[in-house]
Amino acid sequence: MASNTLVSRRAAGGRKARRPDADQGRQRTLVSPAQLGRPRGRAVYWIVLALVTAAFTLAFLGPLYWMVTGGLKTTQEVVQSPPTAFPSSVHTENYSQAWTVMDLSKLLFNTLYYAFGALAFQLVLDVAAAYSLSKLRPVFGKVILGMMLATLMIPATVLVVPQYLTVLDVPVFERNLLNSPWAIWLPSVTNAFNIFLLKRFFDSIPGELLDAAAIDGASPLRTLRSIVLPISRPILGVVSIFAVVGVWKDFLWPMLTLPDPGKQTLNVGIYSLSNGVPQNVLIAALTIASVPTLLIFLIFQRNIMSGLTAGGLKG
């Protein structure tokens with residue numbers, strides 16, 4: 001009797017021990033494999049997948065398609081209702097006219113100048129801030145990081161007025177930075193999101209690697225330059241793309257701080273020159289202004305994803 005009870009307990013224990021292994025082989029999905037095995041379930045699955053994919057493709061690529069084709073239409077065809085899906089006749093001269101009439105070459109140069117200047121300042125100052133918070137561990141470092149992240153909760157439009165007053169009369173220096181690139185560069189440096197991304201990546205770097213460099217006599221600055229930065233290329237690429245695109249797409253702040261038409265960015269310049277320009281030429285100018293950022297994303301999309309997920313795993 002006792003032996004039978006012992007055998008039953010062992011059998012029950014074996015069944016309990018096998019349950020986790022059996023559960024590991026099962027994956028809970030929205031549609032069960034049994035339903036996918038049926039013809040009707042498989043047909044419903046593929047129909048729903050095709051409809052969702054088509055809807056998202058139309059939502060994201062539809063405005064881009066309308067913008068590109070709108071620059072190829074005549075003025076009458078652009079404003080007519082209902083709109084046409086395809087241009088009745090292709091007018092590529094709209095793009096050359098937009099390039100000449102709106103002086104896009106000058107505006108493009110100004111935007112590149114501001115964007116890469118902001119990029120240089122961010123790479124130097126944000127990397128230094130993130131490295132000190134991650135590896136040097138200053139006093140009240142966590143408090144400073146928390147205050148930086150708290151600024152992400154504040155809408156950007158709320159900070160426009162105090163930032164504008166600061167740029168209008170910089171404290172201590174008593175300088176007016178309007179119509180100067182410093183009005184674009186200095187506010188872009190204080191980017192808490194980029195500092196947080198860089199700190200996360202620096203936290204994932206093994207401390208033993210930095211300790212070995214310190215034993216060899218390397219200073220913290222030499223360690224940053226020779227060890228940390230070479231292995232931080234993915235996240236540096238992400239921060240670089242965010243910095244360039246952030247300046248490129250900004251409209252309100254350059255419009256307030258760069259009233260001189262000769263120093264305006266691409267978006268502000270197109271807006272300022274839009275009066276009196278045919279609508280098809282204006283759409284062509286907007287298409288040209290969107291091409292650089294689209295190319296940046298298409299070329300570096302793998303780097304963006306790898307850089308964003310690089311600091312998520314340690315070891």
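Let us look at the structure shown here.

Reading guide: rules and limits
Residues numbered from 1 in each chain as written. Predicted model: local features only at pLDDT ≥ 70, side-chain atom pairs only at ≥ 80, totals over all residues. Heavy atoms only, no water. Helix = DSSP H or I, 4+ residues; strand = E, 2+ residues; numbered from the N terminus. Buried < 20%, exposed > 50% of the residue type's maximum accessible area, 1.4 Å probe, protein only. Contact = heavy atoms within 4.5 Å. Areas by Shrake-Rupley, 256 points an atom, 1.4 Å probe, with all protein chains shown as cover. Phe/Tyr/Trp six-rings, centres within 6.5 Å; stacked < 30°, edge-to-face > 60°. Lys, Arg positive; Asp, Glu negative; His and termini not counted. Salt bridge = Lys/Arg side-chain N within 4 Å of Asp/Glu carboxyl O. Expected span 1.5 Å × (residues − 1). Core = buried A, V, L, I, M, F, W, Y, C linked by side-chain atoms within 4.5 Å. Patch = residues over 30% accessible without salt bridge, like charges linked within 9 Å, V, L, I, M, F, W, Y side chains within 5 Å.

Another aspect to go through is the overall build of the protein chain. Within the protein chain, the secondary structure is distributed over 16 helices and 0 strands. Looking at the protein chain residue by residue over its 315 residues, the buried ones come to 29%. Put simply, 71% of the contacts in the protein chain that link residues at least 6 apart link residues at least 24 apart. Just so you have it, the protein chain exposes about 20,300 Å², and 67% of that area is on carbon and sulfur atoms.

All told, the structure shown has 12 aromatic pairs when counted by the stated rule. Pairing Phe 109 with Tyr 113 gives two aromatic rings, centres 6.5 Å apart and planes at 5°, and the pair type is stacked. Remark: Tyr 113 and Phe 109 occur in helix H6 (residues 104-136); sequence separation between them is 4 residues, near one turn of the helix. Among the aromatic residues, those joined into a ring-pair cluster are Phe 109, Tyr 113, Tyr 114, Phe 121, Trp 182 and Trp 185.

With that settled, the discussion passes to the side chain of Asp 126. If you trace the backbone, Asp 126 turns up in helix H6. No salt bridge is formed by the buried Asp 126; the nearest opposite charge belongs to Lys 199, separated by 15 Å. Sequence-distant contacts of Asp 126, defined by excluding residues within four places in its chain, comprise Phe 121, Val 189, Asn 191, Asn 194, Ile 195 and Leu 198.

On to the environment of Ile 304, then. Mapped onto the elements, Ile 304 comes out in helix H16 (residues 279-310). For Ile 304, a relative accessible area of 10% gives the class buried. When the C-alpha atoms of Ile 304 and Gly 237 are compared, they prove to be 7.3 Å apart, with 67 residues separating the residues in sequence. Those residues in contact with Ile 304 that sit more than four places away from it in its chain are Val 238, Ile 241 and Phe 297.

What follows concerns the pattern of salt bridges. A complete count under the given rule lists 1 salt bridge for this structure. We note a salt bridge from Asp 203 to Lys 199, for which the minimum N-O separation is 2.9 Å. Here Lys 199 and Asp 203 lie together in helix H10 (residues 192-203), a separation of 4 residues that amounts to about one turn.

A word on helix H13 (residues 233-249). Because each turn of an α-helix spans 3.6 residues, side chains separated by three or four positions end up pointing in the same direction. With 17 residues, H13 extends 24 Å between its outermost C-alpha atoms, agreeing within 8% with the 24 Å of an ideal straight helix rising 1.5 Å per residue. Turning to H13, its buried residues are Ile 235, Leu 236, Val 238, Val 239, Ser 240, Ile 241, Ala 243, Val 244, Val 247 and Trp 248.

A separate point is the nonpolar core. Residues Val 127, Leu 198, Phe 202, Val 228 and Ile 235 are the most contacted members of the largest nonpolar core, which totals 18 residues. Those elements that place two or more of their residues in this core are H6, H10, helix H12 (220-228) and H13. Looking at this core element by element, the count peaks at 5 residues for H10. Ranked by size, the runner-up nonpolar core spans 15 residues in total, among them Leu 177, Ala 243, Val 247 and Leu 258.

On the surface, a cluster of nonpolar side chains totalling about 730 Å² of accessible area is made up of Val 44, Val 48, Val 52, Phe 56, Phe 60, Leu 61, Leu 64 and Leu 294. Looking at the nonpolar patch element by element, the count peaks at 7 residues for helix H3 (residues 39-70). Tracing the sequence through the fold places Val 44 in helix H3. Here Val 44 falls in the partly exposed class, since its relative accessible area comes to 46%.

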